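# Observations on the three-dimensional arrangement
The lines below spell out each chain.
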Amino acid sequence: MRRLELTEGEAPQLVELSDVEAEALTAADLAVVTRAPGATGWSVAPGRKVGVVQAGDLQISVKPKVSVERLIFLMGYASSPRYWRDHTVQLDAEVALPEALAHAFTRLASKAVEQGLLQGYRTVEDSLPVLRGRIRVNDQISRRYGAGLPLEVIYDDFTVDTAENQILLAAAMRLLRMPRMTARVRRSLQRLRLQLSGVTDLRRGETLPRWQPSRLNARYQPALRLAERILASESFEQRIGALHVSGFVFDMWKIYEDFVCVGLREALASHGTASLQHRMHLDRAESVDLRPDFLWTAHDGRQVVLDAKYKAEKPAGFPQADLYQLLAYCTVLGLGDGHLVYAKGDEPELSHEVQGAEVTIHCHTVDLDQTPNRLLEQVAAIADRLESRPGPAEWPPLVA
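Below is a short write-up of the structure.

## Quick notes on a nonpolar patch on the surface
There is a patch of nonpolar side chains on the surface, built from L131, I135, V137 and I141 and spanning about 380 Å² of accessible area. Note on placement: I135 falls in strand 8 (residues 134-135).

## A short note on the environment of L350
The topology assignment puts L350 in the loop between strand 17 (337-343) and strand 18 (351-353). Remark: the alpha-carbon pair of L350 and C363, spanning 13 residues in sequence, is separated by 5.4 Å. Those residues in contact with L350 that lie beyond four places of it in its chain are I361, H362 and C363.

## Remarks on the packing of helix 2 (residues 68-79) against helix 4 (residues 97-113)
Relative orientation of the contacting elements helix 2 and helix 4 amounts to 55°, with a least axis distance of 10 Å. Between helix 2 and helix 4, the interaxial angle falls into the category oblique. When you trace helix 2 past helix 4, the crossing you get is right-handed. For the pair helix 2 and helix 4, the contacting residues are V68, L71, I72 and M75 in the first and L97, A100, L101 and A104 in the second. Of the residues in the contact of helix 2 with helix 4, the class split is eight nonpolar, no polar and no charged.

## Digging into the sheet that holds strand 18
Taken in spatial order, the six strands make up an open sheet running 12-15-16-17-19-18, and their pairing is mixed. Two strands lie at the open edges of the sheet, namely strand 12 (272-276) and strand 18, each paired on one side alone. Between one strand and the next, the sheet's axes are offset by a mean angle of 20°, whatever the strand orientation. Strand contacts of helix 9 (residues 252-267): strand 12, strand 15 (294-298), strand 16 (303-309), strand 17 and strand 19 (360-366), with the helix running at about 150° to strand 16, the strand carrying the most contacts.

## Observations regarding the packing of helix 2 against helix 11 (residues 372-388)
Each pair of packed helices can be summarised by the angle the axes make with each other and by the distance between the axes. Two numbers describe how helix 2 lies on helix 11: the axes approach to 11 Å, and their chain directions differ by 50°. By the criterion of interaxial angle, the relationship of helix 2 to helix 11 is oblique. Helix 2 and helix 11 meet at a crossing whose hand is right-handed. For the pair helix 2 and helix 11, the contacting residues are R70, F73, L74 and Y77 in the first and P372, L375 and L376 in the second. Considered class by class, the residues forming the contact of helix 2 with helix 11 number six nonpolar, no polar and one charged.

Criteria and cut-off values
Residues numbered from 1 in each chain as written. Predicted model: local features only at pLDDT ≥ 70, side-chain atom pairs only at ≥ 80, totals over all residues. Heavy atoms only, no water. Patch = residues over 30% accessible without salt bridge, like charges linked within 9 Å, V, L, I, M, F, W, Y side chains within 5 Å. Areas by Shrake-Rupley, 256 points an atom, 1.4 Å probe, with all protein chains shown as cover. Salt bridge = Lys/Arg side-chain N within 4 Å of Asp/Glu carboxyl O. Helix = DSSP H or I, 4+ residues; strand = E, 2+ residues; numbered from the N terminus. Contact = heavy atoms within 4.5 Å. Axes fitted to C-alpha atoms, helices over the stretch in contact; angles between N-to-C directions. Parallel < 35°, antiparallel > 145°, perpendicular 65-115°, else oblique. Left-handed = near helix turned anticlockwise from the far one by under 90°. Nonpolar A, V, L, I, M, F, W, Y, C, P; charged D, E, K, R; others polar. Pairing = 2+ DSSP bridges.

Here it is in structure tokens:
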């Protein structure tokens with residue numbers, strides 16, 4: 001097995017690849033693969049995703065620039081903030097992302113099912129030789145043409161085959177198919193799979209069943225939220241020519257955006273309400289969509305609009321696209337201030353006063369290299385700035 005390990009933000013590496021391997025890595029969208037004129041090798045650079053892709057006997061992994069342990073916390077907190085505020089996962093610094101996710105998931109899922117599998121009622125339609133529940137009269141007539149048996153019945157079955165258990169099993173099966181899993185982690189996943197015997201194994205591509213948080217499934221909720229994250233990742237198996245390609249990748253910008261927005265929503269919950277990915281339009285005809293990451297409305301009606309940016313957007317010809325985007329939000333909402341929250345190291349903390357418009361765009365930063373408690377303190381400090389309405393010179397300092 002040939003292995004290539006990259007770290008997010010690093011310089012590209014020159015690698016010998018076949019044309020079909022280069023095509024497979026480009027299709028997986030994990031790395032940027034280019035070939036200079038006259039060169040014999042391919043330039044492979046990390047893109048905007050992290051994870052691992054295997055193409056034939058080549059395995060390429062892109063590690064996040066933050067520790068995997070911190071990445072798991074960001075993902076977990078965005079899914080279940082109350083739980084992850086008080087819990088962390090201790091991981092080896094060298095562990096790969098799929099294994100780290102599997103470790104965190106099996107720990108949470110095992111804790112959820114240790115008191116026994118959650119059971120619930122499920123409506124079942126069946127053909128039986130004896131009466132159970134109620135007869136489906138229309139089906140009995142149309143399918144059996146007046147015959148007495150079997151009976152077309154409908155009944156409620158008290159079973160472990162619930163939506164919650166199906167989602168846990170689906171996540172375990174997804175992780176078992178991932179590359180770079182150690183034998184110890186695979187044993188933990190197989191043990192969980194056995195504990196979930198009697199639960200329907202969802203087919204690949206099948207829509208996940210819906211579940212509702214309640215007092216009855218409270219012990220399942222942290223595991224379910226992480227399972228949904230795992231199942232929402234870009235996991236794939238495909239063929240490109242004769243090459244078998246499989247992968248497990250995440251968008252870092254999405255993980256960061258979700259963490260910042262959920263953290264701000266939690267910090268500001270007592271002062272107003274937050275709308276994530278708020279839907280509005282640029283034009284009166286409502287033909288151009290706008291989706292601010294975070295729109296907060298205080299109890300007194302005051303509003304704050306914000307976007308979380310993992311990296312500053314500087315496409316060719318538009319060197320400060322983030323600022324234009326916030327200016328559009330502020331114009332539509334009639335606000336004098338807009339906010340950008342960057343991962344520290346990408347943009348400085350400053351404010352831009354827009355010429356010809358009474359709009360100021362404030363840039364904040366979050367240092368992702370900090371401990372979970374420090375991360376939440378930084379988000380809380382930004383929330384204090386948003387809620388208190390002072391000018392930049394009066395803002396309380398961010399936690400270092």
